[in-house]
Structures are given as structure tokens and as C-alpha cells.
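Residues per chain, in single letters:
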Amino acid sequence: GESVGLHLPTLSVQEGDNSIINCAYSNSASDYFIWYKQESGKGPQFIIDIRSNMDKRQGQRVTVLLNKTVKHLSLQIAATQPGDSAVYFCAERMDSSYKLIFGSGTRLLVRP
Amino acid sequence: GAVVSQHPSRVICKSGTSVKIECRSLDFQATTMFWYRQFPKQSLMLMATSNEGSKATYEQGVEKDKFLINHASLTLSTLTVTSAHPEDSSFYICSARGGNQPQHFGDGTRLSIL
């Protein structure tokens, strides 16, 4: 049968508040990072990306911060909405093959 | 709209059946396609990387004779789970990239082997 699933860490926020989702990546040589949103029964959806020569990038309602010193990535969502409820994954690209290695994920629950 | 289409979305079949899953890039040429497997409440695990016109590269621990990958054109890759058994039940997801496109993912195939 299938492996026993791990419990995803969960972040619960009030609608309208800001959310911060964190991720620790593994390889200091990774040069490109992406945040994905995955809704139940669907594939990951691209949210925002950042290259290793940057430490911050902003999109619509989302901001990604990269701290290479401690190999940490964060996703900030402003004015969180019920439609933001999903599982969020960070992914790092480790080499020129374009392979992505995914983090373990965080479930975001937005309380109305 | 979706840029990567995956089909079928759900398969239920008997043990011993071989199952083919298709992954198509809809409006770009996908020089590279990837196949992932995801168990409940877990992350995506890369199974293999597929470059158009060449043999797929499998990740450690993934049986290439079990999971046959074909990437015959710039818009289509297929994954065939041969002689599937209950332990192969999972959510299989493909992604595609090409040119300046980041990796786009399909909506996955839920495979259930009875």
C-alpha cells in the first residue's frame, strides 16, 4: 500500500491578515527558486520565482524573500483571502538540468 | 488557461494492468518534461527527466522497466506504469518546460490499483 503520509505543517490565518510561509532549502549551489501553490486534487501552480542573485521579488500580493546565508526562502501573501487556502511548496533548481527539488510543503488555512 | 494537459485525470484498474498517462504541452514546445509521484500529504518526488528524442533519466530508486517514459515529440510525453500493483497507487504529475517558460505542471493523474 501507500506510505503513511506525513502531517503537513499548517498555518492558520484570519482572512485579510498577511501570511508568511517559510522554507529551508538544501543546496547552497541552487541558483533558482520557485513557490508553487497546490490545491486539492490538482497539480502545482506557479506563484513566483527568484534567482539567487536577488534577495527579494514582488508580485501581485506576494513577495518572495531569499536569504542565501542561512538557505532560507519565504513567501509573504498580503491580505490573505479564502482562495489562498492550499498547500504551498518551495522548489529549488540545483543544476543546469532544470530538475526541481521540492520542499515538504505547508498547508495554509484561511479563516473567514 | 492550462498550458500543460495531463490525461487521464483518474484511473482505477485491476492489479497487473499496464496504465498509460499522457502529458501534453499546449502552447509551447517542451524540450524537457518531468514526471513526479506524490503520496497523500507528502511532497512531489521526481521520478524521471525526459528530453525530447532521447532516453529518460531516472532518479535513484525508480525502476525504469516499471515506469516506461516516452517523449517522442516536443508536445507529448507518456508514462506507462507496467503491470501495476496496489503499491503503485499514487498521484502522478507531469511538468514541462521549454525556451523561457518556467516549469508548468499538469493537474495530475490519480492512479488506484485494486
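Residues numbered from 1 in each chain as written. Chains lettered and ligands numbered in written order. Predicted model: local features only at pLDDT ≥ 70, side-chain atom pairs only at ≥ 80, totals over all residues. Heavy atoms only, no water.

(A) Region of interest: the state of the cysteines. With the rule as written, the count across this model stands at two disulfides over all chains. One disulfide bridge connects C23(A) with C90(A), the sulfur atoms lying 1.6 Å from each other. Highlighted residues: C23(A) in strand β2 (residues 19-24) and C90(A) in strand β8 (residues 86-93), separated in sequence by 67 residues. Note on accessibility: C23(A) and C90(A) belong to one class, buried. Residue pairing for C23(B): its cysteine sulfur links by disulfide to C94(B), the two sulfurs lying 2.0 Å apart. Taking the sign of the S-S torsion, about 80° here, the bridge from C23(B) to C94(B) comes out right-handed. You can see C23(B) sitting in strand β3 (residues 19-25) and its partner C94(B) sitting in strand β9 (residues 90-97), a full 71 residues away along the chain. Of the two residues, C23(B) and C94(B), both sit in the buried class. We note that C13(B) lacks a disulfide partner, and the nearest cysteine sulfur, in C94(B), lies 18 Å from it. (Disulfide = S-S within 2.5 Å. Helix = DSSP H or I, 4+ residues; strand = E, 2+ residues; numbered from the N terminus. Buried < 20%, exposed > 50% of the residue type's maximum accessible area, 1.4 Å probe, protein only.)

(B) Geometry of the sheet that holds strand β7 (residues 67-73) of chain B. All names here are of chain B. If you trace the four strands from one edge of the open sheet to the other, you get β1-β3-β8-β7, paired in antiparallel fashion. The two strands at the open ends of the sheet, each matched to only one other strand, are β1 (4-7) and β7. The average angle at which neighbouring strand axes cross in this sheet is 15°, direction not considered. Where β3 and strand β8 (residues 76-81) come together, six bridges link them in antiparallel fashion. Its bridge partner being in β8, E22 is matched across the sheet by T78. (Pairing = 2+ DSSP bridges. Axes fitted to C-alpha atoms, helices over the stretch in contact; angles between N-to-C directions.)

(C) The arrangement of the interface of chain B and chain A in detail. At the junction of the two partners, chain B supplies 23 residues and chain A supplies 24 residues. Of the roughly 2,000 Å² buried where chain B meets chain A, counting both sides, 57% is carbon and sulfur surface. It is K41(B), Q42(B) and F105(B) in chain B that bury the most area against chain A; as a group they hold 25% of the surface buried on that side. Counting every contact that joins chain B to chain A gives one salt bridge. One salt bridge in this structure joins E59(B) and K99(A), with 3.0 Å as the shortest N-O distance. Seen at the junction of chain B and chain A, the total is six residue pairs in polar contact (both at pLDDT 80 or more). When residues of the side of chain B that touches chain A are traced back to their parent elements, those giving at least two are β4 (32-38), β5 (44-51) and β9 of chain B. In terms of residues, the side of chain B that touches chain A owes the most to one element, β9(B), which gives four residues. (Contact = heavy atoms within 4.5 Å. Buried area = accessible area lost by both parts, 1.4 Å probe. Salt bridge = Lys/Arg side-chain N within 4 Å of Asp/Glu carboxyl O. Polar contact = N/O pair within 3.5 Å; in protein donor to acceptor, adjacent residues only side chain to side chain.)

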